[in-house]
Amino acid sequence: MQTGFFLTTAGVRHKTNKMNKLKIAIQKSGRLSESSQKLLQECGIRFSNGTGSLRSAATNFPVEVLFLRDDDIPQYVEQGVADIGILGENMVLEKNKDVDLLERLGFARCRLSLAVKKEDSYPGISFFNNSKIATSYPRLLSEFLNKNGLKAEIEEISGSVEIAPGIGLADAICDIVSSGSTLLTNGLREVETLLTSEAVIIGNRNLPPSSKEIIEKLLFRIRSVKSASENKYILLNAPEKSIDRICSILPGMKSPTILPLAEKGWCSLHSVVREDEFWERIDQLKAAGAEGILVIPIEKMIR
Ligand code: PRT
Ligand code: ZN
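Below or above, wherever it landed, is the structure these notes cover. Just so it is clear, the structure is predicted and the values come from calculations on it, not from any experiment.

The rules we used
- Residues numbered from 1 in each chain as written.
- Chains lettered and ligands numbered in written order.
- Predicted model: local features only at pLDDT ≥ 70, side-chain atom pairs only at ≥ 80, totals over all residues.
- Heavy atoms only, no water.
- Pairing = 2+ DSSP bridges.
- Helix = DSSP H or I, 4+ residues; strand = E, 2+ residues; numbered from the N terminus.
- Axes fitted to C-alpha atoms, helices over the stretch in contact; angles between N-to-C directions.
- Contact = heavy atoms within 4.5 Å.
- Buried < 20%, exposed > 50% of the residue type's maximum accessible area, 1.4 Å probe, protein only.
- Arc of directions from axis to C-beta.
- Polar contact = N/O pair within 3.5 Å; in protein donor to acceptor, adjacent residues only side chain to side chain.
- Near = heavy atom within 4 Å.
- Areas by Shrake-Rupley, 256 points an atom, 1.4 Å probe, with all protein chains shown as cover.
- Nonpolar A, V, L, I, M, F, W, Y, C, P; charged D, E, K, R; others polar.

Examining the sheet that holds strand β13 (residues 199–203)
(1) Moving on: One open sheet accounts for six strands, arranged β4-β5-β3-β6-β13-β7; its pairing is mixed. The sheet is open, and its two edges are formed by β4 (55–57) and β7 (100–104), each paired on a single side. Between one strand and the next, the sheet's axes are offset by a mean angle of 25°, whatever the strand orientation.
(2) Moving on: With respect to the sheet, helix α1 (residues 33–42) is in contact with β3 (22–27), β5 (63–68) and β6 (84–88), its orientation differing from that of β3 by roughly 145°.
(3) Moving on: Strands β3, β5, β6, β7 and β13 of the sheet are contacted by helix α6 (residues 209–230), whose axis makes an angle of about 30° with β7.

Brief notes about helix α8 (residues 278–287)
(1) Moving on: Residues of α8 that are buried: F278, R281, I282 and L285. Down the axis, α8 shows its buried residues gathered within 105° of arc, on one side only. Exposed and facing more than 90 degrees away from the buried side of α8 are W279 and A287.
(2) Moving on: Buried residues along α8 sit against β14 (231–239), α7 (243–249), β16 (266–274) and β17 (291–297).
(3) Moving on: Taken from the residues just after α8, G289 is the one with a positive phi, measuring 105°.

So, the side chain of E103
(1) Moving on: With respect to the helices and strands, E103 occurs in strand β7.
(2) Moving on: Given the relative accessible area of 10%, E103 is considered buried.
(3) Moving on: A polar atom in the side chain of E103 sits 2.9 Å from the side chain of R223.
(4) Moving on: At 3.3 Å, the side chain of E103 forms a polar contact with the side chain of K226.
(5) Moving on: Sequence-distant contacts of E103, that is, excluding residues within four places in its chain, are made with V200, I201, L219, R223 and K226.

Thoughts on the site of ligand 1
(1) Moving on: The environment of ligand 1 is made up of 22 residues, and the closest members are N90, E162, S179, G180 and T182.
(2) Moving on: A distance of 2.7 Å separates an oxygen atom of ligand 1 from a polar side-chain atom of D71.
(3) Moving on: With respect to ligand 1, the side chain of D175 contributes an N or O atom lying 3.4 Å from an oxygen atom.
(4) Moving on: Starting from 840 Å² of accessible surface for ligand 1 in isolation, the protein chains cover 79%.
(5) Moving on: Where the shell around ligand 1 is concerned, the elements lending two or more residues are β11 (172–177) and α5 (181–185).
(6) Moving on: Top element by residues in the shell around ligand 1 is β11. It accounts for three residues.
(7) Moving on: Split into classes, the residues belonging to the shell around ligand 1 amount to six nonpolar, ten polar and six charged.

Structure follows, in structure tokens:
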């Protein structure tokens, strides 16, 4: 296999070989690793799951998966060690590297919040003036403090941040919250949200056209998988006289498919309904005369 190097306009040195493979960095182990692997697998990309190894070449798509700590992914993508990476937007913003945000993925939703002891009275953000705040997100926290004209001491710790107020290390914490149960267990109360986050794909800014082409193919598959999970296929029976009303409730992809039933005056209608509007639409459909409603998951949805 021929190998070599080329320089992009920004002077970044990329190693090339004839079979140019796109290097995708995902979290090795943690909250994002399973969903990231599942997403790639749902895109039809087959690779071994990295138990023990740090890289794995896909057998049926020109990509190589690198298994890394999420904290390191922004830097590796900036440097071109990985071409793209899957990680939480919170980490992308904290690391503030020179990378492009290519796609939001809709999983690992969480928020970065400030929390205080449950028993402390909270007059508003002035609480944090002259306080000590424990966090693993020093950059985002100091940005928030500066924006609000607050002066506080930041105690940077890498894990188990919630324990800090209880052991007298800090007055408050700034950490990731999802269900809120960790805060509750540690006697803390969420008082401010700095940002909301979800898993995203970031990309190197100086990729050659051949890599961009593979990314476009991958993003097309990812969007089809996402679209499918955000929609359901719906089948129902309805009297012919209700069809116009039902069609207006279910705009579907273009327009619903309508087939006559053996029973005179009735037809069967097939369409697509958004997951987030699902229950509301079902109520409207029943009110419009729909019966025998079947709702089926969609595996892939190509628009
Ligand atoms: O080892 P590595 O460095 O790769 O992983 P990590 O330990 O730094 O990260 P990990 O696996 O904990 O989280 C990876 C990413 O998942 C984060 O950067 C977020 O984008 C996302 N995510 C989503 C979360 C949570 N939800 C989450 N709940 N990350 C962390 N938490 C933690 C939080 O820190 C707190 O301890 O869960 C606790 C709060 O959860 P609730 O549900 O009790 O509120
Ligand atoms: Zn991490």
